[in-house]
Amino acid sequence: MNCRSEVLEVSVEGRQVDEAMLAVLHTILLQRSTGKFHYKKEGTYSIGTVGTQDVDCDFIDFTFVRVSSDELDRVIRKAVAEFKDALGNSGSDGMGQISLEFYQKKKSRWPFSDECIPWEVWSIKVNVVNLANEQERQICREKVGEKLGEKVINIVEVINRHDYLPKMPTQSEVDNVFDTSLKDVQPYLYKITYQITDSLGTSVSTTMRRLIKDTLAL
Amino acid sequence: MAHFDTEYQRLEASYSDSPPGEENLLVHVPEGSKSPWHHIENLDLFFQRVYSLHQKNGFTCMLLGEIFELVQLVFVVAFTVFLANCVDYDILFANKFVNHTDSSKVTLPDAFLPVDVCSARIRDNVFVIFILIISGVFWLHRLIKFIYNICCYWEIRSFYINALKMTMADIPYFTWQEVQARIIEIQKEHQICIHKKELTELDIYHRILRFKNYMVAMVNKSLLPVRFRLPLLGNTIFYTRGLKYNFELIFFWGPGSLFENEWSLKPEYRRGGNRLELADRLSSRILWIGIANLLLCPVILIWQILYAFFSYTELIKREPGSLGARCWSLYGRFYLRHFNELDHELMSRLSKGYKASSKYMNCFMSPLLTVVAKNVAFFAGSILAVLIALTIYDEDVLAVEHVLSSITLLGVCITICRSFIPDKHMVYCPEQLLKVILAFIHYMPDHWQGNAHRYETRDEFAQLFQYKAVFILEELLSPVITPFILIFCLRRKSLEIIDFFRNFTVDVVGVGDTCSFAQMDVRQHGHPAWMSAGKTEASIYQQAEDGKTELSLMHFAITNPHWQPPRESTHFISHLKEKVHREAAAGQQGIIAENPEFTSTHSLQSDSEPRSLIANLLMGPPSLASLHLGREGSIHPLSIGVSEGASALYSISPVSTSLHLRGSYPSARLPRPDHPAVVAGRAMTGSGTDARTISSGSSAWEGQLTSMVLSEYASTEMSIHALYMHEMHKQQSRGEVSRHTWHRQESDESSESVSEDIEAARNFPRSSTFPTTSHREGPAQPSGSQQRYGGASDPVSGSFRAQRTPRMPMGGWSEENQMGRHHDPVPEEGSEDELPPQIHKVT
C-alpha cells in the first residue's frame with residue numbers, strides 16, 4: 001500500500017498498441033533515470049550524463065523523447081512485445097493493463113529473501129478498439145496522438161510534484177535503489193508486468209456458475 | 001520509426017564524464033538510507049505491531065508471554081493425555097491395594113502406570129493419536145508463527161529504540177498518545193508513509209483499526225446475525241470469539257475474502273453492477289466455511305473444553321464467586337466501541353464503568369431467589385458448621401469418605417447463595433446508576449432512559465454485561481453453533497454485506513480503503529437526532545445508529561487534542577464544546593457567585609479524583625446528597641455550594657453510586673469542592689482541550705500535569721460530552737416537550753436583562769408542586785416528580801438550564817435546597833425523583 005499509484009487509460013487500435021505503450025513507458029523512464037553514478041572517495045559521487053532521443057511513431061501522429069540508451073530500449077520493447085502478443089492471443093477486443101513499478105530492495109536477515117518494496121506504480125490500461133475503415137483510422141491516428149500528448153503532460157505534472165523518492169544511496173547500497181546493470185544510464189529499479197483481462201463480467205459469471213454447480217452437487 | 005538525435009547526447013565514457021579539470025565541480029554527497037525506517041511497505045502491520053508492542057509493555061514481556069503460551073499448549077495436551085492414559089485411578093481411589101514392603105502409605109507415583117503400559121495404551125487409542133496429531137500440527141503452526149513474530153517484533157523493537165528513542169524499559173511509562181506523537185514527529189524525518197509529508201493521528205488509527213472499524217459499523221447497523229429470537233430464552237445475543245474469527249475470515253483475510261490485501265477492497269466489490277453475482281459467490285463461500293467449521297467442530301470443541309477446563313478450574317477453586325462476576329460481553333465491546341477507538345481506550349472506560357454496572361445489575365435481586373438463597377445458605381451453613389466443628393474436635397473426621405468434598409461443596413454452595421442475598425445496607429437507584437454507567441460506556445439505547453428499573457432494560461443490559469459463567473458457556477457452545485449461524489443466518493445477509501462494503505468503503509489517500517463511518521464525518525453519517533441536524537446529509541441507511549458518528553468524533557477529538565479535523569467536524573466539535581463550556585461556566589459561576597466565602601471557609605482536602613469533580617458538574621441530576629443536606633436545618637447559602645459539589649461527587653464517584661441513605665450526613669465529612677483543585681478542575685472543564693494542551697495555567701495542578709492526568713481529563717471530558725449529547729438527544733426526541741425548552745432558550749439568551757427579576761424571585765419561596773408559578777421554568781416540566789426543580793433559577797444557571805431537560809438542572813441548586821427546606825417532603829422521598837416509586841429498594 002505504501003506506494004503511489006497512477007493510472008493512465010488509453011484506447012488505441014490494435015497496431016498502435018506497442019507504440020503507445022513505448023511512448024508512455026519511455027516518457028516515465030526518462031524522468032526516472034539518471035546518469036551513472038561515479039563514486040569517489042570520501043563518500044561523494046558525481047553523476048554521468050544522459051542523452052535523449054526523439055522517436056517518431058509510425059501509426060500515431062506523435063513524437064516522444066526517450067533516453068538514448070539502446071539497452072534500455074531493448075528491454076522495454078521486449079516487454080511491450082510480450083504484452084502485445086498476449087493481448088492478441090486473448091482473442092476478443094481485449095482490455096489489458098501494463099504496469100511499471102518502481103521499487104526499492106530492502107536487505108533482510110538470513111531466513112527471508114530480500115524484499116522488493118514498490119514506491120510508485122504506473123498502471124496503463126489499454127483498451128483495444130477495432131476500426132472499420134481507413135477514414136476512421138486516420139481520425140484515430142490523430143486522436144491517439146493528442147491523447148498521448150495529454151498523458152505525457154500528466155506524467156510530467158505528477159513527476160514535478162515533490163513526492164517521495166528514495167534517498168540517494170551510498171556506494172554499497174546503490175543496487176538497492178538503482179538498476180545498475182545498464183552501461184549508459186541508471187534508472188530507478190523497475191519492473192514491468194502486464195495482465196490481460198477479458199471483460200470482467202463473463203469471467204465472474206463463469207466462475208459463478210461453476211461454484212453454484214459445485215454447491216448444488218454437494 | 002525514425003530516430004532523431006537531439007543535441008543532448010551522452011558523453012562517451014572513453015574519458016571521464018566531467019570535462020577535464022572539472023572533476024570536482026559537480027560532486028554529490030549521498031544521503032544514504034541511514035535509517036531503515038523510510039518507506040515501510042506494510043504500514044498497517046507496522047503500526048499494529050508498534051501498538052501491540054506498546055500494549056504488551058515491551059519486547060521482553062511479549063517474548064516471555066508468547067513462550068509461555070507455547071509451553072502452556074504443550075502442557076495442556078500432555079497433561080490431559082497423561083491423566084487419561086497413565087493414571088491408575090483404582091489405586092488413587094483406593095479401590096485396589098498396593099503391595100508395599102516398606103510402608104503402607106500410598107504415594108502418588110504408585111498411581112502412575114509404568115511407561116511401557118502407558119505408551120501402549122496411547123498407541124492403541126486411535127482417538128488419542130488423532131488428538132495428538134492435531135494438536136501437534138496446531139502447535140507447529142503456532143511455533144512457526146512465533147518465530148516469525150519474534151523476527152518482526154525485533155524490527156519494531158529497534159524502531160522504538162533507534163527511531164522513537166524509547167528504550168524497552170521505558171515503554172510501560174509512555175502513553176500511546178506520546179508514542180503516537182513521536183511517530184508523527186518521525187514521519188517528517190524518515191518518511192514512513194510516502195504519500196504524505198505528515199501523518200495525522202487519524203491515519204494511524206485508521207490503519208490499526210481498519211477492520212475493527214468495519215466490524216463496529218456492521219454491529220452498529222445490525223448487519224451481523226448476532227441477535228436471535230429463541231423460543232424459550234427470548235431475545236438473545238450470541239457473539240463469541242469463534243464467530244468473530246469466522247466473520248473476519250470471511251470478510252477480511254480468508255481465502256477469497258472481500259479484501260484483496262490488508263488495505264484495499266477487491267475492485268469488483270466496488271462496482272454495483274454485479275452485486276447479485278458477488279452476493280451469490282459470497283454466500284457459497286460462507287457455506288463452505290460453515291461446512292469446514294462443521295467438520296472441524298469436534299476438534300475445536302475438544303480444544304475449547306480442554307482450554308476452558310485448565311484455565312478456569314483453578315480460578316473457580318480459588319474464588320468461586322468469580323463465576324458470578326460479570327464481564328463485558330464481546331458483543332458489548334463492539335456495541336460500545338467508538339469508531340477509531342483503540343483497545344486500551346475501550347478497556348479503560350469499560351473498566352471504569354464496571355463497578356457501577358455490577359451495582360446496577362445487583363439492583364435486580366429477585367426477592368424469591370433471595371428467600372430461597374437465604375434458606376439454602378442457612379441449611380448448608382449449619383451442616384458445614386457441624387462438620388467443621390467435628391473436624392476441629394478430631395481431625396480424623398476428615399478421613400471419613402466424602403467429608404472433605406462435602407465441606408468444599410457446602411462452602412461453594414454458601415458462596416453462591418450469598419451472592420443472591422443483597423447487602424442489607426444498600427439502597428439502589430437504577431436510573432442514577434444507569435446515568436453513571438452511561439458516563440463511561442457512552443452508548444445506550446434510547447428506551448433505557450427512564451426505564452432503568454424495568455427488567456427488560458436489565459436483560460438488555462445483561463446482553464452487554466454478562467456473567468462470566470455465561471461467557472464461558474457460550475465459548476464452549478460456540479464451535480457447535482457457529483457453523484449453523486454461518487450457514488443459515490449469515491448467508492441470507494450476503495447481499496446486504498456486499499452492499500455494505502460497496503457503500504461504506506472510501507479510499508483515503510495514504511491510508512487505503514477504510515470504512516467510511518470511521519471518517520467520522522458528521523455530514524455523511526450524522527444522525528439528525530444527535531445534534532447534527534442541519535449538518536447531516538445522510539439518508540437513513542447512511543446514518544450511524546445511536547449517535548455513533550457524533551460520539552466517536554467527540555471521543556477522537558478529545559483523546560487526540562492535536563488532531564486537526566476537517567472543517568465541518570471542527571465546526572461541530574467547537575459548537576458542542578462551546579455549549580458544554582457555557583454550561584460548565586454557568587455552573588462554576590453559580591457556585592462562586594453564591595458562595596463568596598466558599599473557598600475560605602472550607603479547607604478540607606479534597607480526596608476525590610478530578611474526574612468526579614468535573615463530571616458531576618454537568619451530570620448532576622441534583623442528586624440526593626444535596627437534598628439530604630438540605631434537611632440539615634441550617635441551610636446557609638454557603639452549604640448549598642457544598643452540597644452541590646457533594647452531590648456532584650456522589651453522583652459519579654464509585655462509592656456514591658449506590659446512594660446510601662445519608663439523611664443527615666455531616667457536611668464536614670463530604671469531600672469539599674472548594675479545594676483549589678476543584679476550581680481548577682472547573683476551569684478546565686470549561687476550556688476543555690485548550691486547558692489540557694496548554695497544560696493549564698491553574699497553579700493547583702502545576703507540575704502534576706503528567707500525561708496520565710491529561711488522559712484522565714480527556715476521559716472525564718468525554719464523559720461529560722457523552723452525557724450531554726445523550727441529554728440533548730433525549731430532548732430532541734421528546735418532541736413536544738422540547739419545544740418549550742427551545743422556546744425558553746431564546747429568552748435565556750438575554751439572561752442579564754432578567755437577572756434582577758430572578759434575583760427577586762430567588763428569595764421568594766415557591767411551591768414546588770406548582771411549577772408554573774415560575775415564570776420560566778414551569779412549562780417544561782414533564783412530570784410531577786421533577787417539579788421540585790421547578791423553582792426560579794439564578795441568572796447564570798438559567799442559560800444552560802434552558803438547554804437541558806428540566807431533569808438535569810445545573811446551577812439552580814439554591815432554589816432546590818430552599819425548596820427542599822421549605823416545601824419539599826423528606827429527602828428520602830426526594831431521592832426517588834429519578835425513579836418510579838416501586839423501584840426504590842431498601843433491603
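Residues numbered from 1 in each chain as written. Chains lettered and ligands numbered in written order. Predicted model: local features only at pLDDT ≥ 70, side-chain atom pairs only at ≥ 80, totals over all residues. Heavy atoms only, no water.

1. Topic: the confidence of the model for chain A
Keep in mind that low pLDDT regions are not for reading the predicted coordinates in detail. All names here are of chain A. For the record, the criterion: A score between 0 and 100, pLDDT records how confident the predictor is in each residue. A contact between two residues is defined here by any heavy atoms of the two lying within 4.5 Å.
Averaged over all residues, the pLDDT of chain A is 83; the fraction at 70 or higher stands at 86%. This model gives residues 199-203 a pLDDT under 50, and the stretch forms four contacts once residues within four places in sequence are excluded. Contacts of residues 213-218 to residues separated by more than four positions or lying in other chains number five contacts, the stretch itself having pLDDT below 50.

2. Considerations on the sheet that holds strand S7 (residues 95-106) of chain A
All names here are of chain A. Basically, it comes down to this: Should DSSP find at least two bridges between two strands, the strands are regarded as paired. Each helix is a run of H or I in the DSSP string that is no shorter than four residues. Each strand is a run of E no shorter than two, and both are numbered from the N terminus. In this description, a line fitted to the C-alpha atoms serves as the axis of each element, helices being fitted only across the stretch in contact, and the angle between N-to-C directions of two axes falls anywhere from 0 to 180 degrees.
One open sheet holds the four strands; their spatial order is S1-S8-S7-S10, and the pairing between them is mixed. Where the open sheet ends on each side, the last strands, each with one partner, are strand S1 (4-13) and strand S10 (190-197). Here the strands of the sheet are splayed against their neighbours by 20° on average, with no regard to which way each runs. Of the strand pairs in this sheet, S1 and strand S8 (residues 115-129) are connected by 10 bridges, and their pairing is parallel.

3. Quick look at unusual backbone geometry
Residues and elements named next belong to chain B. Defined as follows: Three labels apply to residues, based on accessible area from a 1.4 Å probe with only protein chains included: buried if under 20% of the type maximum, exposed if over 50%, partly exposed otherwise in between.
Despite not being glycine, Gln191 shows a phi value in the positive range, around 50°. Its location among the elements puts Gln191 in the loop between helix H7 (176-190) and helix H8 (201-208). Accessibility expressed as a relative area gives 15% for Gln191, which makes it buried. Look at Asn340: it is not a glycine, yet its phi comes out positive at around 55°. Looking at the element boundaries, Asn340 is found in the loop between helix H12 (330-336) and helix H13 (343-362).

4. Some details on the UniProt feature "transmembrane region" (unreviewed entry) in chain B
Residues and elements named next belong to chain B. Cut-off, in case you're wondering: UniProt positions are given in the numbering used here, feature names are shortened, and annotations may be inferred rather than shown by experiment.
Residues annotated in UniProt with the feature "transmembrane region" (unreviewed entry) correspond here to residues 67-87, 126-144, 286-310, 368-393 and 399-421. Span residues 126-144 is 100% helix and 0% strand, its end C-alpha atoms 27 Å apart. Along residues 368-393 the backbone is 100% helical and 0% strand, and the end-to-end C-alpha distance reaches 38 Å.

5. Observations concerning the packing of helix H1 (residues 43-55) of chain B against H7 of chain B
Residue and element names in this part refer to chain B. Put simply, the test is: Crossing handedness is defined as follows: a turn of the near helix away from the far one that is anticlockwise and smaller than a right angle gives a left-handed crossing, while the clockwise case is right-handed. The nonpolar class holds Ala, Val, Leu, Ile, Met, Phe, Trp, Tyr, Cys and Pro. Asp, Glu, Lys and Arg form the charged class, and all remaining residues, Gly among them, are polar.
The contact between H1 and H7 brings their axes to 11 Å, and the two run at 145°. For the pair H1 and H7, the sense of crossing is right-handed. Of the residues in H7, those in contact with Phe47, Val50, Tyr51 and His54 of H1 are Trp176, Val179 and Ile183. Looking at the contact of H1 with H7 residue by residue, the classes come out as six nonpolar, one polar and no charged.

6. Some thoughts on the side chain of Gln186 of chain A
All names here are of chain A. The test is simple: Within 3.5 Å is the distance limit for a polar contact, defined as a pair of N or O atoms, with the added protein rule that one can donate a hydrogen and the other accept it, and that residues adjacent in sequence qualify only through two side-chain atoms.
Considering the arrangement of structural elements, one finds Gln186 in strand S9 (residues 186-187). Judged by its relative accessible area of 2%, Gln186 is buried. Reaching out from Gln186, the side chain makes a polar contact with the backbone nitrogen of Phe37 at a distance of 3.3 Å. Leaving out residues up to four positions away in the same chain, Gln186 has contacts with Ser33, Thr34, Gly35, Lys36, Phe37, Val174, Phe178, Asp179 and Thr180.

7. Notes on the layout of surface pockets
Condition: Definitions used throughout: a 1 Å grid over protein atoms alone; a cavity as a set of points that fits a 1.4 Å probe which cannot get out; a pocket as an open set with protein on both sides within 12 Å along at least five of seven lines; a lining residue as one with an atom within 4 Å of a point. Grid points are joined across faces, edges and corners, and a volume is the space filled by probe spheres set on the points.
Roughly 1,600 Å³ of volume is contained in the second largest pocket. Residue assignment for the lining of the second largest pocket shows that the elements contributing at least two residues are S1, S7, S8 and S10 of chain A together with strand S7 (505-508) and strand S8 (512-515) of chain B. When its residues are assigned to classes, the lining of the second largest pocket shows 14 nonpolar, 15 polar and 14 charged.

8. Structural notes on the packing of H7 of chain B against H8 of chain B
Residues and elements named next belong to chain B. Rule in force here: In this scheme, roughly parallel covers angles under 35 degrees and roughly antiparallel covers those over 145, while 65 to 115 is roughly perpendicular and the rest are oblique.
Contact geometry of H7 with H8 gives a least axis separation of 10 Å together with a crossing angle of 110°. Between H7 and H8, the angle is such that the two are roughly perpendicular. Crossing of H7 against H8: the hand is right-handed. Touching Trp176, Gln177, Gln180, Ile183 and Ile184 of H7 are Glu201, Ile204, Tyr205 and Ile208, all from H8.

9. Regarding the state of the cysteines
How we decide: Cysteine sulfur pairs qualify as disulfides if the two atoms are within 2.5 Å.
Throughout the structure, instances matching the rule amount to one disulfide over all chains. With no disulfide of its own, Cys140 of chain A lies closest to Cys57 of chain A among cysteine sulfurs, the gap being 13 Å. With a relative accessible area of 11%, Cys140 of chain A lands in the buried category. Cys152 of chain B supplies the cysteine sulfur nearest to Cys61 of chain B, a cysteine that is in no disulfide, at a spacing of 19 Å.

10. Thoughts on the pattern of salt bridges
All names here are of chain B. Under the convention used in this document: Salt bridge, as applied in this entry: a Lys or Arg side-chain nitrogen positioned within 4 Å of an Asp or Glu carboxyl oxygen.
Across all of its chains, the model carries 31 salt bridges over all chains by this definition. Close ionic contact of Arg210 with Asp44 constitutes a salt bridge, the shortest N to O distance being 2.7 Å. You can see Arg210 sitting in helix H9 (residues 210-220) and its partner Asp44 sitting in helix H1, a full 166 residues away along the chain. Judged on exposure class, the residue Arg210 and its partner Asp44 are both buried. The salt bridge partner of Lys212 is Asp343, with a shortest N-O separation of 3.8 Å.

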